[in-house]
Amino acid sequence: KFEEVDKKGDPGTLFEKLRYMIGRLPEYVFPHKLDHFTDKMGVLRHPKHNATIAGEANNADFGRSDRRKAIFLDEFASWESTDKAAWQSCGDTAKCRIPVSTPNSRGTDCFFYKLIMSASGKNRPYGRLHWSDNPRFNEGLYEDESGQLRSPWYDEKADAAADLSQIAQEQDI
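Residues numbered from 1 in each chain as written. Predicted model: local features only at pLDDT ≥ 70, side-chain atom pairs only at ≥ 80, totals over all residues. Heavy atoms only, no water.

### Section: the overall build of the chain
What counts here: Runs of H or I in DSSP of at least four residues are treated as helices and runs of E of at least two as strands, each being numbered from the N terminus. When a residue's accessible area, from a 1.4 Å probe over protein chains only, is under 20% of the maximum for its type it is buried; when over 50% it is exposed; and in between it is partly exposed. Throughout, a contact is declared for two residues whenever any of their heavy atoms are within 4.5 Å. In this tally, Lys and Arg are treated as positive and Asp and Glu as negative; His is ignored, and so are the chain termini. Charge positions come from single atoms, namely NZ of Lys, CZ of Arg, CG of Asp or CD of Glu.
Within the chain, the secondary structure is distributed over five helices and seven strands. For the chain, the spread of C-alpha atoms along the three principal axes comes to 60 × 40 × 30 Å. Residues counted as buried form 27% of the 173 residues belonging to the chain. Contacts in the chain between residues far apart in sequence, at least 24 positions, make up 43% of those at least 6 positions apart. Side-chain charges in the chain split into 25 positive and 28 negative, and the spacing between the mean points of these groups amounts to 11 Å.

This is the structure in structure tokens:
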């Protein structure tokens with residue numbers, strides 16, 4: 001949904017997160033203030049060299065006929081009915097396509113899973129970001145009697161989960 005891509009003032013959208021991050025970069029890293037950017041709904045344009053960051057909602061013709069340096073496909077495992085078509089339609093748009101996702105209930109029945117499992121050589125996925133790699137979540141890290149990693153944060157999530165499949169999907173990847 002486009003409203004999840006850009007809705008000014010909504011910190012849950014990708015563009016509002018970009019505005020937040022760009023606006024807080026130190027001047028020596030990024031001398032152009034965010035208020036000098038052309039900031040239209042779904043498009044941020046750099047004031048000096050006109051580079052753009054453009055957002056688009058999930059659709060079967062995603063990126064078709066456009067040209068970009070890179071494409072970031074967020075939560076790609078959740079693109080039901082459009083995932084494969086979108087991947088193919090943006091194939092000539094950019095040499096660099098970056099699909100990222102958290103697991104979801106579709107499990108192995110999605111194009112994201114097929115991409116990850118078929119990747120080889122230099123196209124091998126970069127890896128997984130597991131909760132235990134995050135210092136906020138791994139404080140007090142320990143192994144339970146079965147050898148599974150746990151922490152007080154993990155225990156709290158497990159206690160609040162509706163069922164074990166929720167923990168398996170959201171925390172254990």
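### Describing the side chain of Asp 6
Checked against the element boundaries, Asp 6 lands in the segment before helix H1 (14–23). Residue Asp 6 is classed as buried on the basis of its relative accessible area of 2%. When residues no more than four places from it in sequence are discounted, the contact partners of Asp 6 are Thr 13, Phe 15, Arg 19, Lys 40, Met 41 and Gly 42.

### Side note on the state of the cysteines
The line we're drawing: Note on disulfides: each one is a pair of cysteine sulfur atoms within 2.5 Å.
All told, the structure shown has zero disulfides when counted by the stated rule. Lacking any disulfide linkage, Cys 96 is separated from the closest cysteine sulfur, that of Cys 90, by 11 Å. Summary of cysteine pairing: Cys 110 is not part of a disulfide, and the nearest cysteine sulfur, belonging to Cys 90, is at 16 Å.

### Some thoughts on the layout of surface pockets
Spelled out, the test is: A cavity here means a set of points on a 1 Å grid, drawn over the protein atoms and nothing else, where a 1.4 Å probe fits but cannot get out; a pocket is an open set with protein on both sides within 12 Å along at least five of seven lines, and a residue lines either one if it has an atom within 4 Å of a point. Grid points are joined across faces, edges and corners, and a volume is the space filled by probe spheres set on the points. Residues are grouped as follows: Ala, Val, Leu, Ile, Met, Phe, Trp, Tyr, Cys and Pro are nonpolar; Asp, Glu, Lys and Arg are charged; all remaining types, including Gly, are polar.
When its volume is computed, the second largest pocket comes out at roughly 1,000 Å³. Lining the second largest pocket are 33 residues, with Leu 14, Gly 55, Glu 56, Phe 62 and Phe 72 sitting closest to its centre. Within the residue set of the lining of the second largest pocket, elements represented by two or more residues are H1, strand E3 (52–54) and strand E4 (70–73). It is H1 that contributes the most residues to the lining of the second largest pocket, five residues altogether. Considered class by class, the residues forming the lining of the second largest pocket number 15 nonpolar, eight polar and ten charged.

### Some points on the confidence of the model for the chain
Test applied: Known as pLDDT, the predictor's confidence for each residue is given on a scale from 0 to 100.
On average, the chain scores 86 in pLDDT, and the residues at 70 or more come to 95%. By mean pLDDT, the top-scoring element of the chain is strand E6 (residues 142–143) (96), and the lowest-scoring one is helix H5 (residues 164–170) (81).

### A look at the nonpolar core
Side chains of nonpolar character tend, in soluble globular proteins, to be buried together. Just so we agree on the cut-off: To form a nonpolar core, buried Ala, Val, Leu, Ile, Met, Phe, Trp, Tyr and Cys residues must be joined to one another through side-chain atoms within 4.5 Å.
One finds Phe 62, Ile 71, Leu 73, Phe 76, Trp 79 and Trp 87 to be the most contacted residues of the largest nonpolar core, which totals 14 residues. For this core, the secondary-structure elements that each account for two or more residues are E4, helix H2 (83–89) and helix H3 (111–118). In terms of residues, this core owes the most to one element, H3, which gives three residues. Every residue in contact with Trp 79, bar those within four places of it in the chain, is listed here: Asn 58, Asn 59, Phe 62, Leu 73, Asp 74, Ala 86 and Arg 106. Among the nonpolar cores identified, the runner-up in size contains six residues, and Val 5, Ile 22, Phe 37 and Leu 44 belong to it.

### Focus on H1
Threshold: As used here, the arc belongs to the directions running from the helix axis to the C-beta atoms.
Buried residues of H1: Phe 15, Glu 16, Arg 19 and Ile 22, and no others. The arc that holds the buried residues of H1, viewed along the axis, is 130 degrees, so those residues lie on one side. Tucked into the core, H1 has its buried residues touching strand E1 (38–40), strand E2 (43–45) and E3.

### Description of a nonpolar patch on the surface
Just so we agree on the cut-off: Residues enter patches when they are more than 30% accessible in relative terms and free of salt bridges; like-charged ones are connected within 9 Å and nonpolar ones (Val, Leu, Ile, Met, Phe, Trp, Tyr) within 5 Å. With residues, only the protein chains shown are counted as cover, and all accessible areas are computed by Shrake-Rupley using a 1.4 Å probe. Salt bridge criterion: a side-chain nitrogen from Lys or Arg within 4 Å of a carboxyl oxygen from Asp or Glu.
A contiguous nonpolar patch, built from Leu 25, Tyr 28 and Val 29 and spanning about 340 Å² of accessible area, is present on the exposed surface. Following the sequence through the fold, Tyr 28 ends up in the loop between H1 and E1.

### Some thoughts on the sheet that holds E2
Put simply, the rule reads: What makes two strands pair is DSSP finding at least two bridges between them. Simply put, an axis is a line fit to the C-alpha atoms, just over the touching stretch for a helix, and the angle between two N-to-C directions goes from 0 to 180 degrees.
Ordered by their spatial adjacency, three strands build an open sheet running E1-E2-E3, and the pairing between neighbours is antiparallel. The sheet is open, and its two borders are formed by E1 and E3, each paired with just one other strand. Going from strand to strand, the sheet's axes swing by 5 degrees on average, the running direction of each strand aside. Taken together, the three bridges between E2 and E3 define a ladder with antiparallel strand orientation. Bridge pairing links Val 43 to Ala 54 in E3. Contacts from H1 reach E1, E2 and E3 within the one sheet, and its direction differs from that of E2 by about 25 degrees.

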